[in-house]
Amino acid sequence: MNFDPTDEQRRWRDLARDFGQGEIRPRAEQLDREQKFPYDIIAEMARLGLMGLTLPEEYGGSGGDFVAYSLALEEISRADTSVGVTMEAHISLGCAPLAAYGTTEQKDRFLRRCATGERLWAFGLTEEEAGTDAGGTRTTAQLEGGKWVINGSKKWITNSGTDITAGVTVIARSGTREDGKPELTALIVPQETPGYTRGSGYEKLGWRASDQRPLYFEDCSVPVENLLGERGAGLSQFLRTLDGGRVAVAALSVGLAQACFDEALSRAQERRQFGKAIGEFQAIQFKLADMAMEIELARNLVLKAAWLKDEGRNFSREASMAKVFASEAAKRAADQAVQIHGGEGFMEGSAVARYWRQVKINEIGEGTSEINRQIIARSLLAESAEEEKAKVVVQ
Ligand SMILES: Cc1cc2nc3c(=O)[nH]c(=O)nc-3n(C[C@H](O)[C@H](O)[C@H](O)COP(=O)(O)OP(=O)(O)OC[C@H]3O[C@@H](n4cnc5c(N)ncnc54)[C@H](O)[C@@H]3O)c2cc1C
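Since this is a predicted model, take the numbers as computed values, not measurements. Position labels on residues start from 1 in each chain and follow its written sequence. With pLDDT at 70 or above as the cut-off, local features in this predicted model cover only qualifying residues; side-chain atom pairs require 80 or more to be listed or tallied, and sums for whole chains, interfaces and linings still use all residues. Only hydrogens and water are set aside when side-chain values are computed; all heavy atoms of the structure are taken into account.

**Re the site of the ligand**
At step 1: Being near a molecule or strand, for a residue, means having at least one of its heavy atoms within 4 Å of it. Taken together, 16 residues form the shell around the ligand, and within it Thr126, Thr132, Trp156, Thr368 and Glu370 come nearest.
At step 2: Thr132 has a polar side-chain atom sitting 2.6 Å from an oxygen atom of the ligand.
At step 3: Interatomic distance of 2.8 Å between a side-chain N/O atom of Thr158 and a nitrogen atom of the ligand.
At step 4: Summarising the interface, the protein chains cover 66% of the accessible area of the ligand, which totals 980 Å² for the free molecule.
At step 5: In this text, helices come from DSSP runs of H or I with a minimum length of four residues, and strands from runs of E with a minimum of two, each type numbered from the N-terminal end. Going through the elements one at a time, strand E3 (147-158) and helix H11 (369-394) are the ones with two or more residues in the shell around the ligand. Here a polar contact is recorded for every N or O atom pair within 3.5 Å, except that within protein the pair must consist of a potential hydrogen donor and a potential acceptor, and residues adjacent in sequence are included only if both atoms are side-chain atoms. Only the protein chains shown count as covering a residue, and every accessible area follows the Shrake-Rupley method with a 1.4 Å probe.

**Here we look at the pattern of salt bridges**
At step 1: Between Lys or Arg on one side and Asp or Glu on the other, a salt bridge is scored when a side-chain nitrogen of the former is within 4 Å of a carboxyl oxygen of the latter. Per the counting criterion, the structure on display carries 25 salt bridges.
At step 2: A salt bridge links Lys154 to Glu127; its shortest N-O distance comes to 2.7 Å. One end of the pair, Lys154, is in strand E3; the other, Glu127, is in the loop between strand E1 (120-124) and strand E2 (140-144), with 27 residues separating them in the sequence. For the pair shown, Lys154 and Glu127 are each scored as buried.
At step 3: Put simply, Arg17, Glu75, Arg78 and Asp262 are held in one network by salt bridges that share partners. A simple rule labels every residue: compare its accessible area, found with a 1.4 Å probe on the protein chains alone, to the largest value its type can have, and call it buried under 20%, exposed over 50%, or partly exposed in between.

**What to know about the side chain of Asp32**
At step 1: Tracing the sequence through the fold places Asp32 in helix H2 (residues 28-34).
At step 2: Here the side chain of Asp32 touches Arg357 through a polar contact of 2.6 Å, side chain to side chain.
At step 3: Here, two residues are considered to be in contact whenever any of their heavy atoms come within 4.5 Å of each other. Filtering out sequence-adjacent residues up to four positions away, Asp32 remains in contact with Arg208, Arg354, Arg357 and Gln358.

**Considering the environment of Ile171**
At step 1: Note on placement: Ile171 falls in strand E4 (residues 165-176).
At step 2: Taking the relative accessible area as the measure of exposure, Ile171 reaches 0% and is therefore buried.
At step 3: Taking C-alpha positions, Ile171 is 30 Å from Leu71, a pair spaced 100 residues apart along the chain.
At step 4: Discounting residues that sit within four places of it in the chain, Ile171 has contacts with Gly124, Leu125, Glu127, Thr137, Thr139, Lys154, Leu184, Thr185, Ala186, Gly234, Leu235 and Phe238.

**Remarks on unusual backbone geometry**
At step 1: Despite not being glycine, Trp207 has its phi angle at roughly 50°, a positive value.
At step 2: Relative to the assigned elements, Trp207 resides in the loop between strand E6 (196-198) and strand E7 (212-223).
At step 3: Unusually for a residue other than glycine, Phe274 sits at a positive phi of about 55°.
At step 4: Within the secondary structure layout, Phe274 lies in the loop between strand E9 (272-273) and strand E10 (276-277).

**Comments concerning the state of the cysteines**
At step 1: Disulfides are defined in this document as cysteine sulfur pairs within 2.5 Å. All told, the structure shown has zero disulfides when counted by the stated rule.
At step 2: Free cysteine: Cys95, not disulfide-bonded; nearest cysteine sulfur from Cys114 at 4.9 Å.

**A few points about helix H8 (residues 282-310)**
At step 1: For a helix, the expected span equals 1.5 Å multiplied by the residue count minus one. Taking 1.5 Å of rise per residue, the 29 residues of H8 would be expected to cover 42 Å, and the 42 Å separating its terminal C-alpha atoms lies within 8% of that figure.
At step 2: Those residues of H8 not exposed but buried are Ile284, Leu288, Met291, Ile295, Ala298, Arg299, Val302, Ala305, Ala306 and Leu308.
At step 3: Packing partners of the buried residues in H8 comprise helix H4 (66-79), helix H7 (234-270) and helix H9 (316-341).
At step 4: One or two positions beyond H8, positive phi appears at Gly312, with a value near 75°.

**A look at the nonpolar core**
At step 1: Take the buried residues of types Ala, Val, Leu, Ile, Met, Phe, Trp, Tyr and Cys, join any two whose side-chain atoms come within 4.5 Å, and each joined set is a nonpolar core. Grouped together as the largest cluster of nonpolar side chains are 64 residues, with contacts concentrated most on Met45, Leu53, Ile76 and Met87.
At step 2: Within the residue set of this core, elements represented by two or more residues are helix H1 (7-24), helix H3 (39-48), H4, helix H5 (81-101), H7, H8, H9 and helix H10 (351-358).
At step 3: With twelve residues, H7 is the single largest residue contributor to this core.
At step 4: Residues contacting Met87, with those up to four places away along its chain left out, are Met45, Leu50, Met51, Leu53, Tyr69, Ala72, Leu73 and Ile76.
At step 5: Ranked by size, the runner-up nonpolar core spans 22 residues in total, among them Leu98, Leu111, Ala186 and Ile188.

**Regarding the pairing of E7**
At step 1: One ladder, built from nine bridges, connects E3 with E7; its direction is antiparallel. Bridging from a neighbouring strand, Ile150 pairs with Cys220 of E7.
At step 2: When DSSP finds two or more bridges between two strands, those strands count as paired. Sheet topology places E6 next to E7; three bridges connect them, and they run antiparallel. Looking across to E7, one finds that Arg198 is bridged to Leu215.

**A word on the pairing of strand E5 (residues 182-190)**
At step 1: Counted residue by residue, E5 has seven buried out of nine residues, so it is predominantly covered.
At step 2: Inspection of the sheet shows E4 paired to E5 by nine bridges, in the antiparallel sense. Across the sheet, residue Arg173 finds its bridge partner in E5, namely Leu184.
At step 3: Linking two consecutive strands that pair antiparallel, namely E4 and E5, is a turn of five residues; a positive phi of about 90° is found at Gly180 within it.

**Brief notes about the environment of Thr86**
At step 1: Take Thr86: it is sitting in helix H5.
At step 2: A relative accessible area of 0% places Thr86 in the buried class.
At step 3: Expressed as a C-alpha distance, the spacing of Thr86 and Asp335, which sit 249 residues apart in the sequence, is 24 Å.
At step 4: When sequence neighbours within four positions are dropped, the list of residues in contact with Thr86 reads Phe37, Ile42, Met51, Leu120, Asn159 and Ser210.

Below you can see the structure in the form of structure tokens.
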């Protein structure tokens, strides 16, 4: 077993670390306060190849592996999670399904502009009545005169309404299956399609410089060629997409936890009470030790899930484990970082107060902790049933 990153993985991590600490972190407080999408930062990340890190080189992407992406995303999120989620949602949610299920023609038309990061692509699954229950999609798509006509709405869709967004892939109900369940199909909707509009951005607790909007479809028609993958395969495609997204959100959580630790460590060394640095008190030392341990564990889970994905092996359970543990470890880290800062940590403008606000979404987006625990438990139970079956066969 080798825990050393390859030279290529190290190069991506270091590039992201240098850019994150040099260019993003000094602006993170202002980005959060002004809630403005950082076009210049995203353009520079595109130029560096970070916005297309795992996307195929033949379409303009950087062709990096998932381990490299996880390491780089951790560093970008350590500097600012608004920028981190913009990168994550573009690569893992927006572009990954186009790369995985798109035809050559679709990749030429839609992925090519986005794999460089010059333009962004979004992923539209969630609706008013379909959150955790993704299968509860109400948006419809009907085949009429050689076109798919879409009606309905989506909610909280990341990167859907920036000036550089090129489109969204949406999931819609295209009929009823033989078993009576809805048939769900994924459709590619370019930004300027008539009948497709977007509402204003939301006021949020965190990720405030990232873009999320409601989407509206009123007799919005796209050509049949905009069907992504097979008709009726939409939900399984989207669920597989979310497996990758979970590893990425876990990497984002590790980055935020690391940022909490960075702030806590320097505060522990600088702040003096009772004539000594507070880092000399065992109570504070134990907090730092616990934070560092949990960050190390979370990072190892993320990198193992990413490695399994790179190896083409099943990584669904590990993705959920990484997502739950890293998001919850980040929440504990943010809480302890504020505690180590005392009253200063409660002040607007303090980095740890911002982290404390931002951290909660990691336990919600791309599958809540509850649903991820269910995925883990179901896979354990299924595996144990398989083992029991195997024992019976052997006997
Ligand atoms: C900032 C932000 C960005 C987002 N970006 C995107 C995006 O780009 N694309 C997209 O499609 N979506 C996006 N989402 C939506 C996100 O994925 C959903 O919020 C998430 O899946 C949870 O759905 P919900 O919020 O409707 O919660 P609900 O489904 O209403 O869940 C509420 C609570 O009930 C629990 N619960 C629900 N069902 C069960 C169950 N069966 N067993 C146990 N507990 C259960 C949940 O775990 C949760 O605690 C975004 C959301 C936010 C806030």
